Amino acid sequence: MDQRAANSAVTIIAADKFGGVTMGSVGEILKYMPGITLEYGETEATGARIGGLPAKYTTAALDGVAISTSGRAVDLTDLTATGIETIEFVHTLTASMDAGAAAGRLNFVSRNPFSRRARQVVWRIGLNAHGTALDWGGAYLPDDRKHNLVFPSAAIYYGDILLKRRLSIETHLSYDGSYDRVEQHVINYAYRNPGAVNPHDGYLGDEPVIVNLRWRPYLRLLNRYGGNLNLGYKISRDLTLTVRGSFFLEDLESYTLNTILRAYLGDGTPVTYSPSAGIDRLHSTPTHWVVNGTGGSSTRLINEYAHRKFTTFTRSVTPRLTYKRRGLSADLYGGYAGSTKRYRDTEDGFFYASNSYMSNVGWTADRPSIDSPAWTLRQTGGDPWSAPENWSKRDYYSGGIVSLPMRQSTNQYVGGLDLAHARRILGIPVTFKAGGLFRRNDYNYRDHVIRYNYLGPTGRPQEAPLPYSQNYLFNFSLDGKAGNINDQNWRVDDTYAMYDIYREHPDWFAPAVIENLRRKLTGRRELTEDIAAGYVELNARVTDRLRLNLGARIESTKVETAPLLRRTDAEVIADGYDPFTEEGLLYQYYNSRHIRRANRYSNLFLSGGLKYDLTANLQARVSASQSIMRPDYGNLAGVVNYNETDDFTWVPNATLKPEYMTKFYAGINWRLHPAGTFSLYAYRMDIKNKQIRDVEISQEEAERIVGYPLGDTTPGGGGDDESATEDAGGTNIFRTAINSASRLSVYGLTLEYNQQLTFLPGWLRGLGVFSSATFSTIRGVQTASDRIGQMKKSANGGLRYRFGRAHVQLRGTWQDDHLVAVTRPIAANYYFLDDRRYEKARFIVDLSGGFQLTPRCELTFSVRNLTNTPRIWYSNTPDRLSVYWLPGTVCNVSLKGSF
């Protein structure tokens, strides 16, 4: 009913329908929202896409007030499902809504504090486990310490109405701990470059050369706490004060274990540019890789591990004073929302990385087919790689001991007033709305990479073996598809033991002084954004069947960034300094002096819609709204940065304009008897000023954008890799983000069906079904990178069944093939990596259910990714495996009760 009565086009789902399968994750609810597709990180959903557009086009609100997490796009891992009653997907906006919801808005709605009649307490206790660690007892992890891998979960809810229904309290607290293990196998191919150096057609059909194999277990220990508190107090019959607050704290320790077989050029340059002489190209194929140890560092077996702890703390509070009397209402509100991420390593007693490798090794690698990840390895040259002491014996990983502390924070402050007045004009019920707000976003980012060379007691790295784990062994299963990888007995670096040595003997470590100082100076980004808005809106019930909404909104935006000043190398040398000394580097960056740059713009946004009841059960709706997509924080507030891999200099663009969108929507909603709905809606989004990243520009244009001379920004005057720049003359290449002059149009269609089949006979009456399917396409000029993540088709659905005390739900989501990564050919080189990676269509199944033990106590269970469906990426053609990603299955069993 809420969905049919809403003034805007909106889809609403109840959060509690998905039970324990969420485990506190908002993404586990949203993946069943019609019209939404998800972006995934290591283990769970990180962003929500609408119409195939990136997640930054989808904004979020808590009880109608816009919220920000770690940047322009809402990060779903920064939010908790605790205390959320319903989630609204707003397709088109009304004037009273934030115009920054470019493609649509997700509104997380908590329970109305005055909706209850009596006190209620609900509790839940349970256990969470990963499918690879269902046994009791501890196990060793890469820190060489024993950990419990089965975690508890708990939640409690308390709601009450007091003081003769003048005071209402709603509060939730939850905890979910978990152990996750994701296994990933990556295959990198090198293709012939179709550019000016090696022009030819049909290069994607060429048989590529394998250049490295990577086995990557990712393990994490997660503790997630969430809570909210909603207070309501009726000051008088007409005046109510409510305060809604929430928090989410995630404490996570992760281990990313990259073990890589990689071939290099004879001079040690990575094969990003040309296949190595160590690869026997005459006998190698995509299923039979032959690499000869060639002496020196041409071929390597590498450990590049990452170990870190980080916390995410998000919080919000929204006080609201509401006055209602005789058709007049006024809402005076304020709000604060903040998100802080902190990454830690040495302060907790370990290094982020203590990398190592073996050089001058040879091998053969065989697999049964080009779409298989099951390799059979055989070492054919070099020191035995199963002996831990042989690693770094002949040469060492320069700068491989790493600390990487980072802090990122976003703070948002808002205050506003909404007014509404209902009256009749010529017998027609009309509601006038007006209001305004002011919102400030403060964004701050700091990181500082600190690198060391481990020299050991003799001062010779080759005589100082790095410590390795004694109890944790390299383990890679891939659900039985990993070949004989575990038989190689590869070592696992011990980052705790490495840091213990550093604390006892800091003189055994040589810091990379200049590189560390450069990163400290440039690892800072700041942005302040002020938005002032005002709106007017009209809602009218023209007839018993026809309703009208019209509105206009004005938003004025001011963005301030703080770019870091930089002198060119030539200026530094002319003034008597060496840019490769501490003194010269500080002089080059004006002793970390930042300047202030501001950008201002104002916009008018129109919106409107019609809703018509064709019959008592069939409703049609058309609507349209204009919106804005402000530039990404990184594009505005980044720093001038040289990209060594692709040999260009990235330039932030503080003058970047926002994108403007107009969305048209048409749909019908048919209410089915006795309990069900069928919906069909179509939409079109037109995008102007599309922001395009990584566009090559001239040095003059780059200097105009940043406001000062750039000169030679490549370290050492053009980079270390001669093969990358020799044909380009050693000149600087600059790239930035710009606004496209072309327009894009997104078209979409969604069907939704949901029904409880109570009309069926006998025991079938407890059966219910729900499903939705979405189809979308984008037309207009796009770069290849703009198509990343766009899915033309997606669907979800499931069955639910209740019989007596028992109930069960089987749900599934499906996403079509889509582009996930693009490699840009380098004009000066014959070969480049991968070109395009696609993710294959994937179907995920979840199962949950319960049994009512007593009228007030229930046993529940849930299984996420029941069939352990892998994520499979392919390179250019569907049968050429590039990444095989196995996320595993997550299980929960709980007792839930009330009193």
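Residues numbered from 1 in each chain as written. Predicted model: local features only at pLDDT ≥ 70, side-chain atom pairs only at ≥ 80, totals over all residues. Heavy atoms only, no water.

Participant: Even after reading the chapter, I still don't get the pairing of strand β13 (residues 209–234), so can you show me in this structure?
Facilitator: Side-chain positions along a regular strand alternate between the two faces of the sheet. Counting buried positions along β13 gives 20 out of 26 residues, so the element sits mostly inside the fold. As judged from the 24 bridges shared by strand β12 (residues 167–192) and β13, these two strands associate in the antiparallel manner. By the bridge assignment for β13, H185 is matched with W215. Note that β13 and strand β14 (residues 239–263) share 21 bridges and pair antiparallel. Its bridge partner lying in β14, Y225 is registered against L249. Turn length for the β13-β14 hairpin, with the two strands adjacent in sequence and antiparallel, is 4 residues. (Buried < 20%, exposed > 50% of the residue type's maximum accessible area, 1.4 Å probe, protein only. Helix = DSSP H or I, 4+ residues; strand = E, 2+ residues; numbered from the N terminus. Pairing = 2+ DSSP bridges.)

Participant: Which parts of the structure should I look at to understand the sheet that holds strand β25 (residues 450–454)?
Facilitator: To summarise the sheet geometry, strands pair through backbone hydrogen bonds and adopt either a parallel or an antiparallel arrangement. The antiparallel open sheet is built from 4 strands, whose spatial order is β18-β22-β25-β26. Edge strands, defined here as strands with exactly one partner in the open sheet, are β18 (353–354) and β26 (509–511). Where strand β22 (residues 401–403) lies against β25, 3 bridges are found, and the strand directions are antiparallel. Residue pairing in the sheet places S403 in a bridge with I450 of β25.

Participant: In this structure, what is going on with the packing of aromatic side chains? I would like to understand it.
Facilitator: Describing an aromatic ring pair means giving the distance of the ring centres and the angle of the ring planes. Under the definition given, this model contains 25 aromatic pairs. Relative to W490, the ring of F474 has its centre 5.6 Å away and its plane inclined at 70°; by these criteria the two rings are edge-to-face. Placement of the pair is F474 in the loop between β25 and α3 (495–504) and W490 in the loop between β25 and α3, with a sequence separation of 16 residues. In terms of burial, F474 and W490 fall into one category: buried. In textbook terms, an aromatic cluster arises when at least three aromatic residues are bridged by ring pairs, as seen for F351, Y452, Y454, Y499, Y502 and F509. Above the face of the Y357 ring, R300 is positioned so that its terminal group lies 4.0 Å from the ring centre. (Phe/Tyr/Trp six-rings, centres within 6.5 Å; stacked < 30°, edge-to-face > 60°. Lys NZ or Arg CZ within 6 Å of the ring centre and 35° of its normal.)

Participant: Please clarify how α3 should be interpreted in this entry.
Facilitator: The periodicity of an α-helix, 3.6 residues per turn, causes residues three or four places apart in sequence to face the same way. Among all positions in α3, only T495, Y496, M498, Y499 and I501 are buried. Here the buried face of α3 lies against β14, β16 (299–325), β18, β22, β25 and β26. Taking the backbone nitrogen of Y496 as reference, a side-chain oxygen 3.1 Å away marks D494 as the first, capping residue of α3. (Contact = heavy atoms within 4.5 Å. Polar contact = N/O pair within 3.5 Å; in protein donor to acceptor, adjacent residues only side chain to side chain.)

Participant: Hey, could you run me through the sheet that holds strand β21 (residues 376–381) in this one?
Facilitator: With antiparallel pairing, 3 strands are arranged side by side in an open sheet as β15-β20-β21. Of all strands in the sheet, those with a lone pairing partner are β15 (288–291) and β21, marking the two edges. For this sheet the average axis-to-axis angle between neighbouring strands, irrespective of direction, equals 10°. When β15 meets strand β20 (residues 362–366), the two strands line up antiparallel, connected through 4 bridges. Each bridged residue has a counterpart across the sheet, and for V290 the counterpart in β20 is T364. (Axes fitted to C-alpha atoms, helices over the stretch in contact; angles between N-to-C directions.)

Participant: Could you clarify how one ought to interpret the pattern of salt bridges in this entry?
Facilitator: Pairing is possible between side chains of opposite charge, provided their charged atoms come close. Tallying each qualifying case throughout the model produces 36 salt bridges. Taking the shortest distance from any N to any O, the salt bridge between D63 and R244 comes out at 3.1 Å. Separated by 181 residues along the polypeptide, D63 in the loop between β4 (58–62) and β5 (65–67) and R244 in strand β14 bring together distant segments of the chain. A relative accessible area of 18% places R244 in the buried class. With a closest N to O distance of 2.9 Å, D447 and R519 form a salt bridge. (Salt bridge = Lys/Arg side-chain N within 4 Å of Asp/Glu carboxyl O.)

In short, the description is geometric, and any link to function would need to be established separately.
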